[in-house]
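Read off the chains here:
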Amino acid sequence: MRTLLLVVFAFFASTHAQADYPLAKSLADRVILPTYTELVTRLQGLEGAARSLKAKPTPTNLEAARTAWKTARIPYERSEGFAFGPIGDYDPLLDTWPIDREGLEALLKGSHPLSAAAFAKLPPEVRGFHAVEYLLWGLKGQKKAAQLRPRELQYIELASADMVRQAKANLQAWQQGFYARFTRPSDLYPNEAAALDEIMRGLAGIIAEIADEKLGNPLRANDPLVAESPFSGNSLEDYRQDLEGARLYYFGGQAAEQKAGIAGWIAAQDPGSHTAILRGFSLTKEALASIPAPFAAALQTRSGQARIKTAQAALQNLRGLLESRAVGLVRKQQSPFDQLRSQLRAVSDEYIGEGEISEALEAFDGVHAAMANLRPLLSQNPQALQALEQALRNVEELVHSGAAAAEVKAALEVVTQSIAQAEQAGK
Amino acid sequence: MTVRVKLGLGLGLGLGLAVGFAVSGSFGVEIQDESSRAYGHPLPNLSPQQTVQFAWGDAAFNAVFVRSGQLNPGLGPRFNNTSCAGCHVGDGRGLPIFGDVAKHSQGLLRVSLPGSQPVPGIGFQFKDQAVLGADPHGTIRVKWVEIKGQYADGSPYRLRKPKVIVTLANGKPLPAQVQTSLRIAPPSFGRGWLEAVPQAEILAQADPDDQNHDGISGRPNWVKDRSGKTRLGRFGLKANTADLLEQTAAAYLNDMGLGNPVFPDESGKVEISQETLDAAVFYTQTLAVPARRNPRDPQVKQGEAVFAQMGCQSCHIPRFVTGNDHPIAALRNQEIHPYSDLLLHDMGKGLADGRPDGEASGQEWRTPPLWGIGLTRTVLGGEEAYLHDGRARTLEEAILWHGGEAEAAKEAFRTAPKDLREALLAFLRSL
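Residues numbered from 1 in each chain as written. Chains lettered and ligands numbered in written order. Predicted model: local features only at pLDDT ≥ 70, side-chain atom pairs only at ≥ 80, totals over all residues.

Observations concerning the overall build of chain B
Part 1 of the argument: Across its full length, chain B holds 13 helices and 13 strands.
Part 2 of the argument: Relative to a compact globule of 431 residues, whose C-alpha radius of gyration would be 22 Å, chain B shows 21 Å and is just as compact.
Part 3 of the argument: Considering only C-alpha atoms, chain B reaches an extent of 60 × 55 × 40 Å along its principal axes.
Part 4 of the argument: By residue count, 55% of the 431 residues in chain B fall in the buried class.
Part 5 of the argument: Relative to all contacts within chain B whose residues are 6 or more apart in sequence, the contacts with residues 24 or more apart total 64%. (Helix = DSSP H or I, 4+ residues; strand = E, 2+ residues; numbered from the N terminus. Rg over C-alpha atoms; globule rule 2.2 N^0.38 Å. Buried ≥ 20, exposed ≤ 12 C-beta atoms within 10 Å, placed from the backbone. Contact = placed C-beta atoms within 7 Å.)

Comments concerning the overall build of chain A
Part 1 of the argument: Secondary structure summary: chain A contains 18 helices and zero strands in total.
Part 2 of the argument: A separation of at least 24 residues holds for 76% of the contacts in chain A among residues at least 6 apart in sequence.

Here we look at the interface of chain A and chain B
Part 1 of the argument: In this assembly, 58 residues from chain A lie in contact with 39 residues from chain B.
Part 2 of the argument: For the side of chain A that touches chain B, the elements supplying multiple residues, two or more each, are α1 (2–15), α4 (87–95), α5 (101–109), α9 (192–221), α14 (302–331), α15 (336–353) and α16 (357–374) of chain A.
Part 3 of the argument: In terms of residue count, the dominant contributor to the side of chain A that touches chain B is α9(A) (12 residues).
Part 4 of the argument: Partitioned by chemical class, the residues of the side of chain A that touches chain B number 23 nonpolar, 15 polar and 20 charged. (Nonpolar A, V, L, I, M, F, W, Y, C, P; charged D, E, K, R; others polar.)

Focus on the pairing of strand β6 (residues 156–168) of chain B
Residues and elements named next belong to chain B.
Part 1 of the argument: With 13 bridges connecting them, strand β5 (residues 138–150) and β6 associate as antiparallel partners. Along β6, the bridge assignment pairs valine 142 with valine 164.
Part 2 of the argument: Connecting the antiparallel pair β5 and β6 is a turn made up of five residues, with glycine 154 showing a positive phi of about 95 degrees. (Pairing = 2+ DSSP bridges.)

Remarks on the nonpolar core
In globular proteins that are soluble, nonpolar side chains generally tend to be buried together.
All names here are of chain A.
Part 1 of the argument: Counting 208 residues, the largest nonpolar core has Ile199, Ile207, Leu322 and Ala326 as its most contacted members.
Part 2 of the argument: Discounting chain neighbours no more than four positions away, the residues touching isoleucine 207 are Ala246, Leu315, Leu318, Arg319 and Leu322.
Part 3 of the argument: Of all hydrophobic cores here, the second largest spans 26 residues; its members include Phe337, Ala346, Leu378 and Ala422. (Core = buried A, V, L, I, M, F, W, Y, C linked by C-beta atoms within 7 Å.)

Looking at the sheet that holds strand β2 (residues 107–112) of chain B
Residues and elements named next belong to chain B.
Part 1 of the argument: Taken in spatial order, the three strands make up an open sheet running β3-β2-β7, and their pairing is antiparallel. Strands with a single pairing partner mark the edges of an open sheet, and in this sheet they are β3 (125–126) and β7 (179–184).
Part 2 of the argument: Alignment of β2 against β7, held across six bridges, turns out to be antiparallel. Note on β7: the bridge partner recorded for serine 112 is glutamine 179.

Digging into the packing of α4(A) against helix α8 (residues 150–183) of chain A
Residue and element names in this part refer to chain A.
Part 1 of the argument: For the pair α4 and α8, the least separation of the axes is 9 Å and the interaxial angle reads 170 degrees. Considering their axes alone, α4 and α8 lie roughly antiparallel with respect to each other. Note on packing geometry: the crossing formed by α4 with α8 is left-handed. Facing Ile87, Tyr90, Leu93 and Leu94 of α4, the residues of α8 in contact are Met163, Gln166, Ala167, Ala169 and Asn170.
Part 2 of the argument: When grouped by side-chain class, the residues that make up the contact of α4 with α8 number seven nonpolar, two polar and no charged. (Axes fitted to C-alpha atoms, helices over the stretch in contact; angles between N-to-C directions. Parallel < 35°, antiparallel > 145°, perpendicular 65-115°, else oblique. Left-handed = near helix turned anticlockwise from the far one by under 90°.)

Quick word on α15(A)
Residues and elements named next belong to chain A.
Part 1 of the argument: Taking 1.5 Å as the rise per residue, α15 with 18 residues should run 26 Å; its terminal C-alpha atoms sit 24 Å apart, in good agreement.
Part 2 of the argument: Within α15, 18 of the 18 residues are buried, leaving the element largely enclosed by the surrounding structure.
Part 3 of the argument: Looking one or two residues beyond α15, the residue adopting positive phi is glycine 355, at roughly 70 degrees. (Expected span 1.5 Å × (residues − 1).)

Things to note about helix α7 (residues 244–256) of chain B
Residue and element names in this part refer to chain B.
Part 1 of the argument: Helix length check: α7, at 13 residues, gives a terminal C-alpha distance of 17 Å against a target of 18 Å (1.5 Å per residue), a fit within 8%.
Part 2 of the argument: With respect to burial, α7 is a largely interior element, 11 of its 13 residues being buried.
Part 3 of the argument: On its buried face, α7 is in contact with β1 (78–79), α4 (84–87), β2, α5 (191–195) and α8 (274–286).

Things to note about the environment of Ala255(A)
Part 1 of the argument: The topology assignment puts Ala255(A) in the loop between α10 (235–250) and α11 (261–269).
Part 2 of the argument: Placed 54 residues apart in sequence, Ala255(A) and Lys309(A) show a C-alpha to C-alpha distance of 30 Å.

Details of the environment of Glu209(A)
Residues and elements named next belong to chain A.
Part 1 of the argument: Structurally, glutamate 209 is set in helix α9.
Part 2 of the argument: The class for glutamate 209 is buried, based on 23 C-beta atoms found within 10 Å.
Part 3 of the argument: Measuring from C-alpha to C-alpha, the distance between glutamate 209 and tyrosine 239 comes to 9.8 Å, with 30 residues separating the pair along the chain.

Quick look at the environment of Trp144(B)
Part 1 of the argument: As for its placement among the helices and strands, Trp144(B) is situated in strand β5.
Part 2 of the argument: Taking the C-alpha atoms as reference, Trp144(B) lies 8.6 Å from Val164(B); in sequence the two are 20 residues apart.

Focus on the confidence of the model for chain B
Residue and element names in this part refer to chain B.
Part 1 of the argument: Taken residue by residue, chain B gives an average pLDDT of 92. The fraction at 70 or more is 93%.
Part 2 of the argument: pLDDT under 50 marks residues 1–29. Its contacts with residues more than four places away, or in other chains, come to 63 contacts.
Part 3 of the argument: Interface confidence in the predicted complex, given as ipTM, is 0.91; pTM for the same model is 0.86. (pLDDT = per-residue confidence, 0-100.)

Focus: the packing of helix α2 (residues 22–55) of chain A against helix α3 (residues 59–78) of chain A
Relative placement of two packed helices is described by the angle separating their axes and the distance separating the axes.
Residue and element names in this part refer to chain A.
Part 1 of the argument: It is at 8 Å that the axes of α2 and α3 come closest, and there the two elements cross at 165 degrees. Relative to α3, the element α2 is oriented roughly antiparallel. The two elements α2 and α3 cross, and the hand of that crossing is left-handed. From α2, Thr35, Glu38, Leu39, Arg42, Leu43, Gly45, Leu46, Ala49, Ala50, Ser52 and Leu53 reach across to α3, where they touch Asn61, Leu62, Ala64, Ala65, Ala68, Trp69, Thr71, Ala72, Pro75, Tyr76 and Arg78.
Part 2 of the argument: Looking at the contact of α2 with α3 residue by residue, the class counts come to 14 nonpolar, five polar and three charged.

A few points about unusual backbone geometry
Part 1 of the argument: Look at the link from Ala293(A) to Pro294(A): it is a cis peptide, with omega at -10 degrees.
Part 2 of the argument: Tracing the sequence through the fold places Pro294(A) in the loop between α12 (271–289) and α13 (295–300).
Part 3 of the argument: Residues other than glycine seldom take positive phi values, yet Ser229(A) does so here, at roughly 50 degrees.
Part 4 of the argument: With respect to the helices and strands, the residue Ser229(A) is situated in the loop between α9 and α10.
Part 5 of the argument: In the Ramachandran plot, Asn333(B) falls in the positive-phi region, its phi being about 55 degrees despite a non-glycine side chain.
Part 6 of the argument: Looking at the secondary structure, you find Asn333(B) in the loop between β10 (320–321) and β11 (335–336).

Below you can see the structure in the form of structure tokens.
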């Protein structure tokens, strides 16, 4: 028994080639790392603007700092659809919402030392984007440059510099460890399906979050100060960038017609779903665009509220499409070779593991489906394809005839080799 | 169930949301997601209206509280964390982190005086965080003490045990007579199903006097609920809470300093609405359990057999069927696989906190459910922490800490050959 299991293990071990996860890698290379790199650059812009503002608190410099804040906000919002991994450690220090306004005011009025070292010990509720936003705009967004007190100016600079540090640390954590764990078999994503789930669940998650929390919370409370980025009046722009980030992620950072990324895969597998999702993205974008700015005003009128609800419905619809169609389709993207391997594993589990002939035969449905995905990849290599098809037919016939487990196992090993050869040939 | 069928389910779940199918049995109601969001999905058999309610609950669970202002006021002034999700990371467990500048504290320290009396000035829970400008009860520092051990085959292992160093706000240590219990936040998903298990089914597993002589007793913790009624405790690490409403309301008050309709704060203040409390409770009741990965893998199957042979499932009971009277219809008549009996067991001196809680002694702990445990590392982003205080950094360490009633099972593991140990761990990782 032990020996048989060991052989079966060897078979399974060999089915897991340590190759990269193509979609995860391409999204990390084309979308995730560029976005986080951009975030660092733009936060450095904010830090520079904060320094100039401290040196000369003129209306022009205040305006420049506000623009720099809004500019840095864009990559941050765009990253929210892939907020897994290291960002969990830095997000509290970058984007805690709401902030502790009372605590921040007390701190600024008091004599708490304002040094980088002292700042680093402050809690997340007085740090990050929204603390800086509050100080640049004031509660009602009407702050004048002349109202900026010296300690505020100092604090804005410290807070901006701290954000650069956090964004850099996040980028570094991605580059120096998480990238490798996300894009190939690792303790966090032992198989490709796990990485694909991470991608798709995050994408569906941000769409839901815009609807349920970002639009939903202020609508339920009927209070604009409940919305994210209320001081700058940037709430709607935040939400639009959340959606734009999700859209770019869906298209793999490419133009729509390039059929890359998640979109490319879905378009190839199920053009109908692709069309529906595309339409979902554009309807959602239109619905968000049609909420009149500023968001605070839209919340106060009947027609504004109706438009917010329309946007929520569009977002929910898009989320539903992504969850009901895209999540499952993308899961299938586990390279067609890996798909075939897992389907064969099902056959092997049933036949060799359980001795269930009819269930093993049923499992061949999955094998045939996987082959249908695989054939186009081998159109240039008819020999490799033929060898693989022949090896599979052998196994199926053996299973059909109720052959001895050892025989089926040997035939499966031939298939394993044929898959490996076909995979080489297909490259 | 094969991989093929599971792929089909992945597609089916989304459709299920729309039509609200009700399937009895774990595969129909589990979620196919192996990502860091795996613990955060609603039961697929909720009605569309309940799915909306779940989304509100999700927002409530993630809401960051602050001391004042329009949005989420009322925090503290002393607390352990500022949101539910701050400790229940990704709807799962927390790490033994205390006083982290970005994350506050994901664990906490229960305190009491002998006779289950509150500690003057503190109460039953030490709050090591406070809003800016206010003093917390003090600070908690955990020093880890390494302990070396050896498998029967000679291969070494290392365990670690926490030494808690408490410094009060006035700079003094805790008085020596104070009993303490260090805790990490347990996972939040699947709890509605546990609430829906019939009491009789749980009591049927109890064997307080070990009449079947298997070395395993298993006692219910009878606790007084908020109205003074004696009920079966199911939630909390010592099963000291009867239902999720009380569990959630207590967490709002004790972990975040938020007075609420069930438990107002000491001055009688109510800082979160009934609506918010209900939303959060509904959320914890309807968070689903992720599906197993590779349950048919031969090593996993071997591990499942080993799990039974070593006696693990005397307490980690694989299967229950929920009753038909829970107020949430989606929770009724479901076959579930929690791997827990929800009873108290003497786990030996090594794990004891020496702090009685209700009828639970200082050596007793409630069997924690094991479902979903294999995704812990993915959800926590590369770390693991098991047992009540997060001392175990791997599942292997967690097993090796078992003692008391579980001593024999632990010894079976410790003396087993490596391939069987690996198989058992593969089984646990598949949950």
